Amino acid sequence: MEEWDIVSAVFLEKMNCSEMVLNAIDAESTGNWRSAQEFYAKAIEDDNSQERKDFYYESYFKCFAALAEWDQLSPVVEQTVATNSENNVWTSLWDDDWNQQKLLPWYITAELRNILNGETDQKLFAYVNESLTDKEKLEYLKLNFGEELAMLWLLQNDSESANYYLNSSITNFLENWSHLNPLFVKLRTNKILNLRNMIDIHLFLNALNKIELHNRENTLDLLLKSWQEHSNEFTESLLLSETRTVYRNQFISTLKTKFNSFLTADEMIDLNENLNNCKFRLNMNLVESAISQGNYYVARKYIKQISKFRSNDIVGKMEWSLALSKILYLKAQNSESEARLTDLMKSWNQIEKVQDSEITQDNSMCYLIKRAEHIYQITQKVHQVITQDESLLNNKVKEQIQELMEDEPLNNVGTIWYFGAKSLQQAIDHCENEIQLMMNKDNLRVYEHLADAYVKLAYCAQDKGEEFDKDFIVSVLRAMKLGSIEGKQLFPCLLNKDIGNKFKDVFLSESSQIPRWMFLGWLPQLLANLGTACIFAISDILVQIAKLYPQAIMYAYRLSKEKYTSNSENIHIFGEEVMKKLDDLLLNNDLVDKFLSAISYVTPPTNMLLHHLRKLLRTCDSKTNFDLTLKALVDQVYGKISRCSQSDNMQGQIFKKYIGEYETKIKEIGRKKFDSNKFKQALEPMASEVRNLNKKSSHKLIDYSPWLKNFQSTEMHTDLEIPGQYNGEKRPLPQYHIKIMGFSPDVLPLKSMRAPIRLTILGNDAKEYRYLIKYGEDLRQDLRIEQVFNLMNQILAHDPNCHKRQLSIYTYQVIPLNSSLGMIEWIDNTNELSTFINNGIDKDNELEKQNYKGKLANDYESWLQKALPRNQKNRNLAYGFALKNYKRNDVVCKYSSLVNGVSLNVLRNSYWNISTNPESFYTLRHKFIISYAVICVSQWLLGIGDRHLDNTLISLQNGQAIGIDFGHAFGTATQILPIPELVPFRLTPHILQLLQPLGEKGLFQETMLHCLRAFRKNSNVLLATMNVFIQEPSVDWLDFAYRSQITSRNTLKVEWYPQEKMKHARLKLEGANSTTIMIEELKAGHSQTPFVNDYILVVKGVPNINYRANKGDNLSEEEQVKCLLDHSTDYNLLGRMYVGWNPWM
């Protein structure tokens, strides 16, 4: 199942094996097959353990296959058999069960591959024929080696027998497939990939049997075309790609034999040239695949074979030479510095020079770009090697480099990388000029190569400083124009450049050629710059999006307009002009206004009133602001309450029923003379009273908003789309977007702090779409976090290690409608973690049920309260006094007793409850581990806290963990909450028990490590995307900043807050210790409390106990992950967390 992270952890944690074995596993998992092969050979020699023998041999043989050393594998298998038997090899392979199961498959595969590669010793034919007379062996061979038998008989020109064995193998596959658990996605994918070669044989046999004199050209063209169309399909397995290529090489030989029987000599000359060109292309594709996967040995083997039938085509010759250069470059990667430089120079020297006159067609332009990209790659690496050891740049090397740089002066080491970048730019310019001269410019393959080249130039310019900002801007925008996903990821970085002034003309010129839909994914970033100098450059983009896709931008624009500010008069004047245009395009839709008004009432009345009372309390220091806020309260909460009975009213009767009594009191306050203190004295008890009221709710939509309940799209003059259909990943087609037909009459109120309500929208596609309506919270933060998660998913998808492990974050739609109202996509078939755990509790264990429902929480609170001085009544201070009064051992002991109050296997039980068999349990648990590891890393980077048991969902379909509700992000749970969070993410003993027997040090740790590596590698893009939090802070951020000032008595400006948070994100991506960030957050938010130093002390940890306490900053990814795990699982911290977080679960 290719779960190398688990294998490594098993050998590391559970088996008494040598470091050499661990090195072998590590080398194998990273594709360093030669080292792995040597380590496994030594392990077989030194370790006689029978229980490990299977693994050693299987991995050892796999290394030969990965290195394409089939000629060496057969003798190794023969030698292995000979040590245990005196019979001949074939007989011995059948006499012993272990030999038959473990050695026979490798022997047959290796011998067949050797025959296909031209080996004259064809003893396998004799061996197989011998076994076919034995009924039991015949059935075994048919069942397990149908594909290999088909190829053997094809080699003997017996297509009928080949078809027989192949059909037997396909039938066997289908029978096995029907029993394969659908949850085993990775295993099923591998099975399908293995099937492809059998299908390839099947299609070839069909074509071979159809070929006649009259249809030969058409049949052959169709066959070769199908090979070419599927030759560049992505497959993670180089072994499968090699097998397919070797098979097709044999197919070509069979075709030549077939055609030779009825074609003339002249006709055969043309046919041979056609088939040889096809063979050249097939083998070149294999070489390029091996190069892309870093397999030097496979690439070297097949580039040598290609030399025997090299293409006569000029471009083909140049491609062969370029591939050889890339192979030498691969060799250089594993060499020491001096040898590396030598190999790099050989690689560079291997590249053939080209004349512009030779580069005029699509295929030759593709070659030119690939050639220039490789030169760029070599020069960057040569520059790096010489920079690290300048003594390597002796006179001989200087002469070689200068000659390769076509006699350009080598003024300094920097000239080398600049030559590579310039060569790439020149190649791009040449291709673009040639494209302009073409009549047909559609569907050129060179476009994809040009896009990749521009991305490389963008990264180069980004790394070289401000003087290359213009090149960076041009490269990113041109990559976007050519459809580059990676180029689109870099777009937010442009908003940090001076595109509003210095580079305005360049930006306008280049961006004008990009389809406007490509900017839809960055609408939050674009709108956040309405009040910055960027508006001079991006105004056209915003206006055109508003014209083309108004429903993509209308809600986001209303929010940005509501919070629009500018520090410059010129920017303000221009911004007002832009917003006037946007107003005309986006704010003249009465239906949208009514929809927003009506949906704002889908909330418990007390929730809406409390939100406005809190806003009113915050404005008591200013009469003007107070009057405006009071008017808004009266207008929204009570302005339409008198007409509640009418079916077209926005506001339902539930508001009059539950909060009507406060209308007179509030209006009475407004009629009095403004007095800040008296108003606060009147409003605070009222707000407290409303907060303590039960959040009265209804399950009928009409009680909240009759207008929504009676909405019928057929009665409207315009259509209203279901929100969230513009993601910027492809060109939108609004005419096909799902429109709102109406709303279900029933709603579902949820029990949580914000008391959201689930609303069901009826689409014009006859489907239901469920959303949570959340009032009283600025959901822009959740939207932006989901946007960062989407970007992280793209990063994970493009990282080989993460892609191979299918790592991703589950994301969902968040649609802020205004600064206090939004919609969140409902996720079906999920449970909150609290509910999911409850389902695993033994129903017959009354004590355990009581413990989970609150007994443990009461016990914990009682224990905390004992730390309070007798004269202290503030119960929240108990946490601080517990810091001073309870030592580490006291806390660890108490926390352990709380943990034991509920069975440690409760989560394991919960997963068993949704599993149909052990296979399902394994798959569901595995999905939880990798998904939870991914969200732990990603949420820590974004400082997401408040991870109580209701803020993580568990999918009942596949076991995946899903993070929700990001109200506390960027460290606010530590900095702002009165009882600060002390751990970076939730990793409690019950979760760790589910990870057993390997715990956090197995698959969980390795998954975190792969993710963190990928994110740190792409830190610039992530930070640029997060920059929107600075440009346009949400209401919650401003509120947090204000509260931070109060709690720390900090006199810094509010603008400092988002900048500080971005600094923390950057430090994390640079390798900061998790405790360093948390200590800064504690100091910023709790510096005035008497317990801040005690908090800092426990967060730091104990040097002889905690790994994190012995580490500083600038950590490697491995060290950073180990610090995070140590930090998250420290009982001395978990035992001091807020009671509502349920840290013992």
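Reading the values: the criteria
Residues numbered from 1 in each chain as written. Predicted model: local features only at pLDDT ≥ 70, side-chain atom pairs only at ≥ 80, totals over all residues. Heavy atoms only, no water. Helix = DSSP H or I, 4+ residues; strand = E, 2+ residues; numbered from the N terminus. Rg over C-alpha atoms; globule rule 2.2 N^0.38 Å. Buried < 20%, exposed > 50% of the residue type's maximum accessible area, 1.4 Å probe, protein only. Contact = heavy atoms within 4.5 Å. Pairing = 2+ DSSP bridges. Axes fitted to C-alpha atoms, helices over the stretch in contact; angles between N-to-C directions. UniProt positions renumbered as here; feature names shortened; annotations may be inferred. Parallel < 35°, antiparallel > 145°, perpendicular 65-115°, else oblique. Nonpolar A, V, L, I, M, F, W, Y, C, P; charged D, E, K, R; others polar. Arc of directions from axis to C-beta. Patch = residues over 30% accessible without salt bridge, like charges linked within 9 Å, V, L, I, M, F, W, Y side chains within 5 Å. Areas by Shrake-Rupley, 256 points an atom, 1.4 Å probe, with all protein chains shown as cover. Salt bridge = Lys/Arg side-chain N within 4 Å of Asp/Glu carboxyl O. Lys, Arg positive; Asp, Glu negative; His and termini not counted. Charge placed at Lys NZ, Arg CZ, Asp CG, Glu CD. Expected span 1.5 Å × (residues − 1). Phe/Tyr/Trp six-rings, centres within 6.5 Å; stacked < 30°, edge-to-face > 60°. Lys NZ or Arg CZ within 6 Å of the ring centre and 35° of its normal. Polar contact = N/O pair within 3.5 Å; in protein donor to acceptor, adjacent residues only side chain to side chain. Disulfide = S-S within 2.5 Å.

Some words on the overall build of the protein chain
For the protein chain, the helix and strand inventory stands at 57 helices and nine strands. The C-alpha atoms of the protein chain give a radius of gyration of 34 Å, which matches the 32 Å a tight globule of 1145 residues would have. Seen through its C-alpha atoms, the protein chain measures out along the principal axes to roughly 110 × 75 × 70 Å. Burial statistics for the protein chain: of 1145 residues in total, 55% are counted as buried. A separation of at least 24 residues holds for 71% of the contacts in the protein chain among residues at least 6 apart in sequence.

What to know about the sheet that holds strand E8 (residues 952–955)
The antiparallel open sheet is built from three strands, whose spatial order is E7-E8-E9. Looking at the sheet topology across the chains shown, the edges are occupied by strand E7 (830–832) and strand E9 (961–963). Strand-to-strand twist in this sheet, taken as the mean axis angle between neighbours without regard to direction, amounts to 30 degrees. Summarising the sheet, E8 and E9 pair through three bridges and their orientation is antiparallel. Residue pairing across strands places Leu953 opposite Ile962, the latter belonging to E9. Those strands touched by helix H46 (residues 918–941) are E8 and E9, and its axis lies near 20 degrees from that of E9.

Points about unusual backbone geometry
For the bond running from Gln996 to Pro997, omega is 15 degrees, close enough to zero to count as cis. Residue placement: Pro997 occurs in the loop between helix H48 (989–994) and helix H49 (1003–1017). At Asp946, a position not held by glycine, the phi torsion is positive, near 55 degrees. Take Asp946: its relative accessible area is 22%, and that puts it in the partly exposed class.

Describing the UniProt feature "domain: FATC" (unreviewed entry) in the protein chain
UniProt marks residues 1113–1145 with the feature "domain: FATC" (unreviewed entry), using the numbering shown here. Annotated as 48% helix and 0% strand, the span residues 1113–1145 places its first and last C-alpha atoms 31 Å apart.

Here's the deal with the packing of helix H4 (residues 50–66) against helix H5 (residues 70–82)
Two quantities define a packed helix pair, namely the angle between the helix axes and the distance between the axes. Between H4 and H5, the shortest axis-to-axis distance is 8 Å and the interhelical angle comes to 155 degrees. With respect to their mutual orientation, H4 and H5 come out roughly antiparallel. Residues Tyr57, Tyr60, Phe61, Phe64 and Ala65 of H4 lie in contact with H5, whose contacting residues are Trp70, Gln72, Leu73, Val76, Val77 and Thr80. Among the residues forming the contact of H4 with H5, the class breakdown is nine nonpolar, two polar and no charged.

Describing helix H26 (residues 504–511)
Buried within H26 are the following residues: Val506, Phe507, Glu510 and Ser511. Buried residues of H26 fall within an arc of 110 degrees about the axis and therefore sit on the same side. Buried residues along H26 sit in contact with helix H23 (469–481), helix H25 (491–494) and helix H28 (535–548).

Structural notes on the side chain of Thr923
Mapped onto the secondary structure, Thr923 falls in helix H46. Leave out the neighbours within four places in its chain, and Thr923 touches Leu183, Phe184 and Asn958.

Quick word on a positive patch on the surface
Together, Arg614, Lys615, Arg618, Arg691 and Lys695 give the surface a local cluster of positive charge. Element by element, the count of residues in the positive patch is highest for helix H32 (residues 605–618), at three residues. Residue classification places Arg618 among the partly exposed residues on the basis of a relative accessible area of 48%.

Topic: H49
Taking 1.5 Å per residue, 15 residues should reach 21 Å; H49 reaches 21 Å between its end C-alpha atoms and fits that length. Judged by how many residues are buried, H49 sits mostly within the fold: 12 of 15 residues are covered. For H49, the set of buried residues is Leu1003, Phe1004, Gln1005, Thr1007, Met1008, Leu1009, His1010, Cys1011, Leu1012, Ala1014, Phe1015 and Arg1016.

Section: the environment of Ala65
On the secondary structure map, Ala65 appears in helix H4. You can call Ala65 buried: its relative accessible area is 3%. Taking the C-alpha atoms as reference, Ala65 lies 7.0 Å from Leu239; in sequence the two are 174 residues apart. Apart from residues no more than four positions distant in its own chain, Ala65 is found in contact with Trp70, Trp106, Leu239 and Glu242.

Here's the deal with the packing of aromatic side chains
Summed over the entire model, instances satisfying the criterion amount to 44 aromatic pairs. With a centroid separation of 5.1 Å and 70 degrees between ring planes, the pair formed by Phe491 and Phe519 is classed as edge-to-face. Linking Phe491 in helix H25 with Phe519 in the loop between H26 and helix H27 (523–528), this pair joins segments that are 28 residues apart in sequence. Residues Phe491 and Phe519 agree in their burial class; the two are buried. Measuring from ring centre to ring centre gives 6.2 Å for Tyr879 and Tyr1138, while their planes differ by 45 degrees; the resulting arrangement is tilted. Linking Tyr879 in helix H43 (residues 877–885) with Tyr1138 in the segment after helix H57 (1131–1134), this pair joins segments that are 259 residues apart in sequence. Its relative accessible area of 6% is what places Tyr879 among the buried residues. In this structure Tyr1138 comes out as partly exposed when scored by relative accessible area, which is 41%. Site record: aromatic cluster; members linked through ring pairs are Tyr57, Tyr60, Phe61, Phe64, Trp98 and Trp106. When the ring centre of Tyr297 is taken as reference, the NZ or CZ atom of Arg34 above it lies at 4.3 Å.

Some thoughts on the pattern of salt bridges
Following the criterion strictly, the structure yields 43 salt bridges and no others. For Glu373, the salt bridge identified is with Lys456, shortest N-O distance 3.7 Å. Here the residue Glu373 occupies a position in helix H19 (residues 362–388), and Lys456 occupies one in helix H22 (residues 446–463), the gap between them amounting to 83 residues. Residue Lys456 is classed as partly exposed on the basis of its relative accessible area, which comes to 32%.

Regarding a negative patch on the surface
A contiguous patch of negative charge, built from Glu399, Glu403, Glu406 and Asp407, is present on the exposed surface. Position of Glu406 among the secondary structure elements: in the loop between helix H20 (395–404) and helix H21 (414–437).

Regarding the side chain of Glu69
Mapped onto the elements of the fold, Glu69 is located in the loop between H4 and H5. Engagement of the side chain of Glu69 in a polar contact is seen with the side chain of Arg34, the distance being 2.5 Å. The contact partners of Glu69, leaving out residues within four places of it in the chain, are Arg34, Gln37 and Phe64.

Points about the pairing of strand E5 (residues 814–818)
When you tally the buried positions in E5, you get four out of five residues, the bulk of the element. Looking at chain direction, E5 and strand E6 (residues 821–825) are connected through four bridges and run antiparallel. Residue pairing for E6: Pro816 is matched across the bridge by Gly822. Remark: two residues form the turn of the hairpin made by E5 and E6, two consecutive strands paired antiparallel.

Looking at the state of the cysteines
For the structure on display, the rule yields zero disulfides. Lacking any disulfide linkage, Cys460 is separated from the closest cysteine sulfur, that of Cys493, by 15 Å. Residue Cys1011 stays outside any disulfide, its sulfur separated by 4.9 Å from that of Cys802, the closest cysteine. On the basis of relative accessibility, which here comes to 0%, the residue Cys1011 falls in the buried class.

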